[in-house]
Amino acid sequence: MRFIYLSDSHWGAGEAGYHLQPKYDEYLPDLLQALRDWIQEKGPIDFVLHGGDMIHATSDEAILAAADHFDLPIPVRLCLGNHDLTAAGALDSWQRLAPQFFGGRVDFAIKDHGCLIHVIPNQYGSTPFLWSDTQDPHFLPEQVTALEDRLSSAPDATHLILTHSPVFPIEPAQTGMEEPFHQPPTTFTDVVTGLAEKYGATCVLGAHSHANMHKSLNGVDYITVSSFVEAPFEFKLFEIDADSLSMETHNLRQRIDRPVDYDWDSTFVQGRACARSFRKDLK
């Protein structure tokens, strides 16, 4: 299995919104054309996995535009993020207007080559699949039950879990800040690490922080990816076979013939070497 992992494209953000490097969501069509060219050169690639915040705010127009932009020659699968869920009825809108991004439902598994990638979008407040101001990452009980059923049904498979919110913060050793950056609630960390360790997941993917991060704990690798529309437009290539899992970080900066700035005071976003590439044996 070879797949691309990217996230936080925030289509429609314009000047608004959080970012760590200069952001260019308006370049998304050009970036995706560059990605098509990269896939043509470096393929075969099985699919693209989007970690969430495909759009900046929920509307039918934004969803339809994202579906048009992400109409790639290979399948694209989406784990909904908080910005994808900013309006009541957002879940129904995504399923109605862009069902191709999901496996029949928004919690689903991608199965191929003895590997399962479990997509489980986390919640943010008291109303399921709606984000307003609260950042309280958690899962619904029925989400956990369905995930456990899938994990336990294939004990010999290689399991990866994808959710939008990061499981661990970015440590001061990477950022140079005094405190951990994007610290999640302990309750969320405990739930995800407990599930990953109980069922032997090899890797947990996250996004949301807009930075590359990698932490290994008790045999599980926890990884986040920087924003696809922030310079230098990075994404990750995962390759998995029966014996190993590997990850490499790539960028599209040299493929974009548009003016681009870079903040050299925020190079921590790109991550240390371990956050950019690694390989682990699966046997």
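Treat the numbers as computed from the prediction; the structure is a model and nothing was measured.

Some remarks on the packing of helix α2 (residues 60-69) against helix α3 (residues 90-97)
In the contact formed by α2 and α3, the axes pass within 10 Å of each other and the chain directions differ by 40 degrees. As the angle between them shows, α2 and α3 are arranged oblique. Both α2 and α3 take part in a crossing whose hand is right-handed. Across the interface between the two elements, Asp60, Ile63 and Leu64 of α2 pack against Ser93, Trp94, Arg96 and Leu97 of α3.

Here we look at α2
Turning to α2, its buried residues are Ala62, Ile63, Ala65, Ala66, Ala67 and His69. Looking at the buried side of α2, the elements it contacts are α1 (28-42) and α3.

Some remarks on helix α6 (residues 186-198)
The first and last C-alpha atoms of α6 sit 18 Å apart over 13 residues, in line with the 18 Å expected at 1.5 Å per residue. Of all the positions in α6, only Phe188, Thr189, Val192, Thr193, Leu195 and Ala196 are classed as buried. The buried residues of α6 all sit within an arc of 160 degrees when viewed along its axis, so they share a single face. When the buried face of α6 is taken as reference, the exposed residues oriented beyond 90 degrees from it are Thr186, Thr187 and Lys198. For α6, the secondary structure elements touched by its buried residues are α4 (141-153), β6 (158-162), β7 (203-206) and β9 (220-224). Of the residues one or two after α6, Gly200 is the one with positive phi, at around 70 degrees.

Regarding the pairing of strand β10 (residues 234-240)
On any regular strand, side chains alternate: one points to one face of the sheet, the next to the other face. β10 sits mainly inside the fold: six of its seven residues count as buried. Inspection of the sheet shows strand β1 (residues 2-6) paired to β10 by four bridges, in the antiparallel sense. Paired with Arg2 across the two strands is Glu239, which belongs to β10. Counted along the chain from β10 to the antiparallel partner strand β11 (residues 244-251), the turn is three residues long.

Quick look at the nonpolar core
Ranked by size, the top nonpolar core spans 68 residues in total, and within it Phe3, Ile4, Leu35, Leu49, Trp94, Phe101 and Phe228 carry the most contacts. The dominant element in this core, judged by the number of residues it contributes, is α1, at seven residues. In contact with Phe101, other than residues within four places in its own chain, are Met54, Ala66, Ala67, Phe70, Val76, Arg77, Leu78, Trp94 and Phe108. Leu147, Val192, Leu195 and Met213 belong to the second largest nonpolar core, which has 23 residues in total.

A few points about the sheet that holds strand β5 (residues 115-119)
With respect to topology, six strands assemble into an open sheet ordered β4-β5-β6-β7-β9-β8, the strand pairing being mixed. With partners counted over all chains shown, the strands left at the sheet margins are β4 (108-112) and β8 (213-217), one partner each. Going from strand to strand, the sheet's axes swing by 15 degrees on average, the running direction of each strand aside. As paired strands, β5 and β6 are joined by five bridges and run parallel to one another. The residue of β6 that forms the bridge with Cys115 is Thr158. Relative to the sheet, α4 contacts β4, β5 and β6, its axis offset from that of β5 by approximately 175 degrees. The sheet strands contacting α6 are β6, β7, β8 and β9, and the helix crosses β9 at an angle near 135 degrees.

Reading the values: rules and limits
Residues numbered from 1 in each chain as written. Predicted model: local features only at pLDDT ≥ 70, side-chain atom pairs only at ≥ 80, totals over all residues. Heavy atoms only, no water. Axes fitted to C-alpha atoms, helices over the stretch in contact; angles between N-to-C directions. Helix = DSSP H or I, 4+ residues; strand = E, 2+ residues; numbered from the N terminus. Parallel < 35°, antiparallel > 145°, perpendicular 65-115°, else oblique. Left-handed = near helix turned anticlockwise from the far one by under 90°. Contact = heavy atoms within 4.5 Å. Buried < 20%, exposed > 50% of the residue type's maximum accessible area, 1.4 Å probe, protein only. Expected span 1.5 Å × (residues − 1). Arc of directions from axis to C-beta. Pairing = 2+ DSSP bridges. Core = buried A, V, L, I, M, F, W, Y, C linked by side-chain atoms within 4.5 Å.

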